Amino acid sequence: RLAPVAFIGGSLVAHGGQNPLEAARLGAAPLFGPHMENFATIAQGMIAAGAARAVGDAASLAAAVDMLLSDAPKRAAMAQAAKAFAEGEAGVLDRILDALRPFLDRAERKA
């Protein structure tokens, strides 16, 4: 909650990244590296929405952090877009369960 910019760990190396929605929900402008395989759809959606930015290496990470810390309006716009994106994803588990419910009910009746 105190950081205006958040770097998502495990994303500059082939680790698969961490969940960028956590930083977004807390109001930070998220940055992440090229290795977001564990959250690829979310990362791509956030980039497309202006809600996050991908960096390629440590030097571009430093430049992006510097730019965001120096440009309060740009940082605030990204953080707001990130928070809105995260709020839009909040009901995804309920939507998945609703889609699976007929199959789960059928399996339960057979058991």
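Residues numbered from 1 in each chain as written. Predicted model: local features only at pLDDT ≥ 70, side-chain atom pairs only at ≥ 80, totals over all residues. Heavy atoms only, no water.

Quick one: what's the story with a nonpolar patch on the surface, residue by residue and with numbers?
Side chains of V92, L93, I96, L97, L100, F103 and L104 sit close together on the surface and give an oily, nonpolar patch of about 610 Å² of accessible area. With respect to the secondary-structure elements, L104 resides in helix α5 (residues 92-110). Relative accessible area serves as the criterion here: at 47%, L104 is assigned to the partly exposed category. (Patch = residues over 30% accessible without salt bridge, like charges linked within 9 Å, V, L, I, M, F, W, Y side chains within 5 Å. Areas by Shrake-Rupley, 256 points an atom, 1.4 Å probe, with all protein chains shown as cover. Salt bridge = Lys/Arg side-chain N within 4 Å of Asp/Glu carboxyl O. Helix = DSSP H or I, 4+ residues; strand = E, 2+ residues; numbered from the N terminus. Buried < 20%, exposed > 50% of the residue type's maximum accessible area, 1.4 Å probe, protein only.)

Report on the pairing of strand β2 (residues 29-32), specifying residues and quantitative values.
Taking every second residue as pointing to the same face, both faces of β2 are buried, with A29 and L31 on one and P30 and F32 on the other. Across 4 bridges, strand β1 (residues 5-8) lies against β2 in parallel orientation. Each bridged residue has a counterpart across the sheet, and for A6 the counterpart in β2 is P30. Handedness of the crossover joining β1 and β2 through helix α1 (residues 20-25) is recorded here as right-handed. In terms of strand pairing, β2 meets strand β3 (residues 53-54) through 2 bridges, oriented parallel. What sits directly across from F32, in β3, is A54. (Pairing = 2+ DSSP bridges. Right-handed = clockwise from strand over helix to strand, strands pointing away.)

Any chance you could break down the nonpolar core for me, citing the residues and the numbers?
Within the largest apolar cluster, 16 residues are counted, with the highest numbers of intra-cluster contacts made by L21, F32, M46 and F85. Listing elements by their share of this core, those giving two or more residues are β1, α1, α2 (40-48) and α4 (72-89). Sequence-distant contacts of M46, that is, excluding residues within four places in its chain, are made with P20, L21, A24, P30, A51, A52, A82 and F85. Residues L31, L61, A64 and M78 belong to the second largest nonpolar core, which totals 8 residues. (Core = buried A, V, L, I, M, F, W, Y, C linked by side-chain atoms within 4.5 Å. Contact = heavy atoms within 4.5 Å.)

Please give an account of the sheet that holds β2 that cites residues and values.
Strand order in the open sheet formed by 3 strands is β1-β2-β3, with parallel pairing between adjacent strands. Looking at which strands have only one partner, the edges of the open sheet turn out to be β1 and β3. Packed onto the sheet, helix α3 (residues 58-70) meets β1, β2 and β3 and runs at close to 170° relative to β2. (Axes fitted to C-alpha atoms, helices over the stretch in contact; angles between N-to-C directions.)

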